Amino acid sequence: TLLPSHCDVIGIGDDPRGNGAGIARIGPDDNTGTKDGVKSTETIRGTNFYNLQFQAASGKDAFNCTNLYRCIFENCAFMPNGVAVSPTAGFKVAKGSGVVMNNCHFGSASSTDFVVGISVTGTHWHNCKVTNCHITGITGIVFRNRNDRIAPGQI
């Protein structure tokens with residue numbers, strides 16, 4: 001399924017930072033899943049995500065996108081709920097521009113943390129803004145082409 005461009009995706013329900021019922025979630029709901037929460041090789045433009053939880057299976061990503069432009073993540077959670085093996089990343093993107101993340105949570109409510117909270121694997125992450133977010137992981141943020149690694153708590 002392709003993610004839409006130029007629209008809002010709004011989760012109705014409880015605060016997305018937990019691991020219980022009532023949360024609008026995308027991805028495998030327990031440790032038996034074998035897929036990423038979101039995996040898109042398409043370009044996504046102008047899509048805004050509000051009040052959603054993206055979940056990762058063991059060794060997978062909660063959100064993985066090739067190209068992401070002018071998108072907003074507001075009050076979202078990127079979680080590895082119920083997994084025994086660390087998921088690869090909370091948020092992984094090859095190219096991003098104009099992405100805004102505000103009041104988001106990257107980590108676990110009750111299980112293993114991500115290997116990387118946010119991973120930028122490609123050539124750019126231009127004009128992006130990450131504010132008021134809680135980012136956990138063995139490494140907080142990795143920018144592949146710059147060899148920069150930011151540990152949790154350094155932002």
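As shown above, the structure is provided for reference.
Residues numbered from 1 in each chain as written. Predicted model: local features only at pLDDT ≥ 70, side-chain atom pairs only at ≥ 80, totals over all residues. Heavy atoms only, no water.

Draft legend 1. Highlighting the overall build of the chain. When you go through the chain residue by residue, the secondary structure sums to 0 helices and 16 strands. Buried positions account for 46% of the 155 residues belonging to the chain. Accessible surface computed for the chain: about 7300 Å², of which carbon and sulfur atoms make up 48%. (Helix = DSSP H or I, 4+ residues; strand = E, 2+ residues; numbered from the N terminus. Buried < 20%, exposed > 50% of the residue type's maximum accessible area, 1.4 Å probe, protein only. Areas by Shrake-Rupley, 256 points an atom, 1.4 Å probe, with all protein chains shown as cover.)

Draft legend 2. How the structure looks around unusual backbone geometry. You will see that asparagine 51, though not glycine, has its phi angle at about 55°, which is positive. Look at asparagine 51 and you get buried, because its relative accessible area is 16%. Positive phi, close to 55°, is recorded for asparagine 75, a residue that is not glycine. Mapped onto the fold, asparagine 75 is located in the loop between strand 7 (72-74) and strand 8 (77-79). For asparagine 75, a relative accessible area of 19% translates into the label buried.

Draft legend 3. Molecular detail of the pattern of salt bridges. Applying the stated criterion to the full structure yields 2 salt bridges. In this structure, arginine 17 and aspartate 15 form a salt bridge, with 3.0 Å as the shortest nitrogen-oxygen distance. Residue aspartate 61 is joined to lysine 92 by a salt bridge in which the shortest nitrogen-to-oxygen separation is 3.7 Å. Residue aspartate 61 is found in strand 6 (residues 61-69), and its partner lysine 92 is found in strand 9 (residues 89-97); the two are separated by 31 residues along the sequence. (Salt bridge = Lys/Arg side-chain N within 4 Å of Asp/Glu carboxyl O.)

Draft legend 4. Quick look at the packing of aromatic side chains. Within this structure, the stated rule accounts for 13 aromatic pairs. An angle of 10° between the planes, with centres 5.3 Å apart, marks the rings of phenylalanine 63 and phenylalanine 91 as stacked. Taken together, the positions of phenylalanine 63 in strand 6 and phenylalanine 91 in strand 9 put the pair 28 residues apart, joining distant regions of the chain. Neither residue differs from the other here; phenylalanine 63 and phenylalanine 91 are each classed as buried. Between phenylalanine 73 and phenylalanine 78, the aromatic rings sit 5.9 Å apart at their centres with planes inclined by 55°, giving tilted as the arrangement. Of the aromatic side chains, those joined through ring pairs into one cluster are Phe49, Phe54, Phe63, Phe73, Phe78, Phe91, Phe106 and Trp125. (Phe/Tyr/Trp six-rings, centres within 6.5 Å; stacked < 30°, edge-to-face > 60°.)

Draft legend 5. Region of interest: the nonpolar core. Residues Phe54, Phe63, Leu68, Phe73, Phe78 and Phe91 are the most contacted members of the largest nonpolar core, which totals 28 residues. Contributions of two or more residues to this core are made by strand 3 (38-45), strand 6, strand 9, strand 12 (116-126) and strand 15 (139-143). A per-element tally of this core places strand 6 first, with 4 residues. Ignoring sequence-local partners within four residues, the contact set of phenylalanine 78 consists of Phe54, Ala62, Phe63, Phe73, Gly90, Phe91, Cys104, His105, Phe106, Gly107 and Phe114. (Core = buried A, V, L, I, M, F, W, Y, C linked by side-chain atoms within 4.5 Å. Contact = heavy atoms within 4.5 Å.)

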